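Given next are the chains, with one letter for each unit.
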Amino acid sequence: TDHDTIAALAWNNIALLEKNHGMYGQALYYYKKSIQVYEREGCVAEAAIVYSNASLLLLKTGDHEKALQFIQKAITLKVESKEIGPLHLSTAITHNNHGLVLYEMERYEEALSSHGYAIEIRDKILGKSDKSTAQSYHDSARALKQMNNIK
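What comes next is a walk through the structure. Bear in mind the structure is a predicted one, so any value in this text is a computation, not a measurement. (Residues numbered from 1 in each chain as written. Predicted model: local features only at pLDDT ≥ 70, side-chain atom pairs only at ≥ 80, totals over all residues. Heavy atoms only, no water.)

## Some remarks on the environment of L59
With respect to the secondary-structure elements, L59 resides in helix α3 (residues 44-61). Separated by 18 residues in sequence, L59 and E41 place their C-alpha atoms 27 Å apart. Setting aside anything within four residues of it in sequence, one finds L59 in contact with H64, A67, L100, V101 and E104. (Helix = DSSP H or I, 4+ residues; strand = E, 2+ residues; numbered from the N terminus. Contact = heavy atoms within 4.5 Å.)

## Considering helix α6 (residues 108-126)
Its 19 residues place the ends of α6 25 Å apart at the C-alpha level, agreeing with the 27 Å of an ideal helix rising 1.5 Å per residue. Buried residues of α6: Y108, A111, S114, H115, A118, I119, I121 and R122, and no others. Those residues of α6 that are buried lie in contact with α5 (89-104) and α7 (131-150). Backbone geometry just downstream of α6 places G127 in the positive-phi region, at approximately 95 degrees. (Expected span 1.5 Å × (residues − 1). Buried < 20%, exposed > 50% of the residue type's maximum accessible area, 1.4 Å probe, protein only.)

## Brief notes about the packing of helix α1 (residues 2-20) against α3
It is at 11 Å that the axes of α1 and α3 come closest, and there the two elements cross at 20 degrees. As summarised for this structure, α1 and α3 are arranged roughly parallel, according to the angle between their axes. In this structure, α1 crosses over α3, and the sense of that crossing is left-handed. Seen from α1, the contacting residues are N12, L16 and K19; seen from α3, they are V50, N53, L56, L57 and K60. Class assignment for the residues of the contact of α1 with α3 results in four nonpolar, two polar and two charged. (Axes fitted to C-alpha atoms, helices over the stretch in contact; angles between N-to-C directions. Parallel < 35°, antiparallel > 145°, perpendicular 65-115°, else oblique. Left-handed = near helix turned anticlockwise from the far one by under 90°. Nonpolar A, V, L, I, M, F, W, Y, C, P; charged D, E, K, R; others polar.)

## What to know about the packing of aromatic side chains
How two aromatic rings sit relative to each other is given by the distance of their centres and the angle of their planes. Summed over all chains, the structure comprises three aromatic pairs. With 5.2 Å between their ring centres and 65 degrees between their planes, Y103 and Y108 make a pair best called edge-to-face. Note that R142 overlies the ring of Y103, its terminal NZ or CZ placed 4.0 Å from the centroid. (Phe/Tyr/Trp six-rings, centres within 6.5 Å; stacked < 30°, edge-to-face > 60°. Lys NZ or Arg CZ within 6 Å of the ring centre and 35° of its normal.)

## As for the pattern of salt bridges
Tallying each qualifying case throughout the model produces four salt bridges. Its salt-bridge partner being R40, residue D4 comes within 3.1 Å of it at the nearest N-O pair. Pair noted here: D4 is in helix α1 and R40 is in helix α2 (residues 24-41), with a separation of 36 residues, a long-range link. For D4, a relative accessible area of 27% translates into the label partly exposed. (Salt bridge = Lys/Arg side-chain N within 4 Å of Asp/Glu carboxyl O.)

## Quick look at the nonpolar core
With 32 residues, the main nonpolar core has Y31, Y38, Y51, L68, F70 and V101 as its most contacted residues. Contributing elements (two or more residues each) for this core: α1, α2, α3, α4 (64-80), α5, α6 and α7. Looking at this core, the element that brings in the most residues is α3, giving eight residues. (Core = buried A, V, L, I, M, F, W, Y, C linked by side-chain atoms within 4.5 Å.)

## A short note on the side chain of N97
Its place among the elements puts N97 in helix α5. For N97, a relative accessible area of 10% translates into the label buried. Leaving out residues up to four positions away in the same chain, N97 has contacts with S52, L56 and I71.

## Overview of unusual backbone geometry
Phi at E106 takes a positive value of approximately 65 degrees, unusual for a residue other than glycine. Mapping E106 onto the fold places it in the loop between α5 and α6.

If you want it as C-alpha coordinates, here you go:
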(Lines give C-alpha, C1' and ligand atoms only; values in the text may rest on other atoms or scores of the structure.)
Protein backbone atom coordinates (compact mmCIF):
# COMPACT_ATOMS: atom_id res chain seq x y z
CA THR A 1 0.00 0.00 0.00
CA ASP A 2 0.98 3.65 -0.24
CA HIS A 3 1.39 3.80 3.53
CA ASP A 4 3.85 0.92 3.45
CA THR A 5 5.97 2.45 0.69
CA ILE A 6 6.01 5.79 2.52
CA ALA A 7 7.21 3.93 5.61
CA ALA A 8 9.90 2.19 3.52
CA LEU A 9 11.09 5.57 2.23
CA ALA A 10 11.18 6.90 5.78
CA TRP A 11 13.18 3.86 6.95
CA ASN A 12 15.69 4.39 4.15
CA ASN A 13 16.05 8.04 5.18
CA ILE A 14 16.40 7.10 8.85
CA ALA A 15 19.09 4.59 7.84
CA LEU A 16 20.99 7.32 6.01
CA LEU A 17 20.84 9.52 9.12
CA GLU A 18 21.93 6.67 11.38
CA LYS A 19 24.83 5.91 9.02
CA ASN A 20 25.91 9.55 9.04
CA HIS A 21 25.94 9.45 12.85
CA GLY A 22 28.03 6.28 12.95
CA MET A 23 25.14 4.08 14.10
CA TYR A 24 25.85 1.38 11.54
CA GLY A 25 23.91 -1.46 13.18
CA GLN A 26 20.78 0.68 13.41
CA ALA A 27 21.26 1.90 9.85
CA LEU A 28 21.47 -1.66 8.51
CA TYR A 29 18.35 -2.58 10.46
CA TYR A 30 16.37 0.23 8.79
CA TYR A 31 17.78 -0.54 5.35
CA LYS A 32 16.64 -4.14 5.71
CA LYS A 33 13.17 -3.07 6.83
CA SER A 34 12.93 -0.76 3.84
CA ILE A 35 14.07 -3.45 1.41
CA GLN A 36 11.59 -5.93 2.85
CA VAL A 37 8.65 -3.59 2.26
CA TYR A 38 9.75 -2.46 -1.19
CA GLU A 39 10.20 -6.05 -2.31
CA ARG A 40 6.83 -7.10 -0.86
CA GLU A 41 5.13 -4.18 -2.62
CA GLY A 42 6.90 -4.88 -5.94
CA CYS A 43 8.82 -1.58 -5.90
CA VAL A 44 11.86 -2.94 -7.71
CA ALA A 45 13.61 0.35 -8.48
CA GLU A 46 13.26 1.56 -4.90
CA ALA A 47 14.50 -1.73 -3.48
CA ALA A 48 17.52 -1.55 -5.77
CA ILE A 49 18.44 1.90 -4.49
CA VAL A 50 18.22 0.75 -0.87
CA TYR A 51 20.30 -2.36 -1.62
CA SER A 52 22.92 -0.03 -3.09
CA ASN A 53 22.81 2.26 -0.04
CA ALA A 54 23.13 -0.72 2.29
CA SER A 55 26.08 -2.08 0.32
CA LEU A 56 28.00 1.15 0.87
CA LEU A 57 27.28 0.93 4.58
CA LEU A 58 28.50 -2.66 4.67
CA LEU A 59 31.62 -1.65 2.76
CA LYS A 60 32.29 1.05 5.33
CA THR A 61 31.97 -1.49 8.17
CA GLY A 62 34.37 -3.89 6.45
CA ASP A 63 31.78 -6.57 5.65
CA HIS A 64 32.93 -6.84 2.04
CA GLU A 65 31.23 -10.15 1.24
CA LYS A 66 27.82 -8.89 2.35
CA ALA A 67 28.44 -5.56 0.60
CA LEU A 68 29.18 -7.48 -2.59
CA GLN A 69 25.95 -9.49 -2.26
CA PHE A 70 23.90 -6.34 -1.76
CA ILE A 71 25.48 -4.39 -4.63
CA GLN A 72 25.09 -7.34 -7.00
CA LYS A 73 21.42 -7.56 -6.04
CA ALA A 74 21.08 -3.82 -6.71
CA ILE A 75 22.62 -4.21 -10.18
CA THR A 76 20.35 -7.13 -11.03
CA LEU A 77 17.25 -5.25 -9.92
CA LYS A 78 18.20 -2.07 -11.77
CA VAL A 79 19.10 -3.83 -15.01
CA GLU A 80 15.85 -5.81 -14.96
CA SER A 81 13.71 -2.86 -13.84
CA LYS A 82 11.31 -1.27 -16.30
CA GLU A 83 11.79 2.10 -14.59
CA ILE A 84 15.60 2.04 -14.63
CA GLY A 85 17.12 -0.52 -16.99
CA PRO A 86 20.72 -1.19 -18.05
CA LEU A 87 21.48 2.22 -19.61
CA HIS A 88 20.38 4.54 -16.81
CA LEU A 89 22.56 6.85 -14.73
CA SER A 90 21.38 5.10 -11.59
CA THR A 91 22.65 1.82 -13.02
CA ALA A 92 25.97 3.50 -13.83
CA ILE A 93 26.30 4.65 -10.21
CA THR A 94 25.64 1.12 -9.01
CA HIS A 95 28.21 -0.36 -11.41
CA ASN A 96 30.74 2.16 -10.13
CA ASN A 97 29.89 1.29 -6.51
CA HIS A 98 30.24 -2.40 -7.42
CA GLY A 99 33.73 -1.58 -8.65
CA LEU A 100 34.51 0.15 -5.34
CA VAL A 101 33.45 -2.93 -3.38
CA LEU A 102 35.55 -5.19 -5.61
CA TYR A 103 38.51 -2.82 -5.30
CA GLU A 104 38.36 -3.03 -1.50
CA MET A 105 38.30 -6.81 -1.85
CA GLU A 106 41.47 -6.56 -3.98
CA ARG A 107 39.64 -7.98 -6.99
CA TYR A 108 41.05 -5.30 -9.26
CA GLU A 109 40.34 -6.86 -12.64
CA GLU A 110 36.66 -7.26 -11.78
CA ALA A 111 36.60 -3.74 -10.35
CA LEU A 112 38.02 -2.43 -13.62
CA SER A 113 35.25 -4.19 -15.52
CA SER A 114 32.53 -2.68 -13.31
CA HIS A 115 34.00 0.80 -13.67
CA GLY A 116 34.08 0.18 -17.42
CA TYR A 117 30.31 -0.40 -17.45
CA ALA A 118 29.83 2.83 -15.50
CA ILE A 119 32.03 4.72 -17.97
CA GLU A 120 30.14 3.31 -20.94
CA ILE A 121 26.79 4.48 -19.59
CA ARG A 122 28.03 7.84 -18.32
CA ASP A 123 29.86 8.57 -21.60
CA LYS A 124 26.66 7.97 -23.57
CA ILE A 125 24.44 10.04 -21.31
CA LEU A 126 26.70 12.72 -19.83
CA GLY A 127 29.76 12.81 -22.08
CA LYS A 128 33.44 12.42 -21.31
CA SER A 129 33.85 15.82 -19.67
CA ASP A 130 31.24 15.29 -16.95
CA LYS A 131 32.61 14.97 -13.41
CA SER A 132 30.73 11.69 -12.79
CA THR A 133 32.31 10.18 -15.89
CA ALA A 134 35.68 11.51 -14.77
CA GLN A 135 35.20 9.85 -11.36
CA SER A 136 34.64 6.48 -13.05
CA TYR A 137 37.79 7.00 -15.13
CA HIS A 138 39.67 7.83 -11.93
CA ASP A 139 38.35 4.71 -10.20
CA SER A 140 39.36 2.64 -13.24
CA ALA A 141 42.85 4.10 -13.12
CA ARG A 142 43.17 3.17 -9.43
CA ALA A 143 42.23 -0.44 -10.24
CA LEU A 144 44.68 -0.51 -13.17
CA LYS A 145 47.45 0.86 -10.97
CA GLN A 146 46.87 -1.89 -8.41
CA MET A 147 46.84 -4.54 -11.15
CA ASN A 148 50.19 -3.25 -12.40
CA ASN A 149 51.60 -3.30 -8.85
CA ILE A 150 50.71 -6.97 -8.50
CA LYS A 151 52.31 -8.14 -11.77
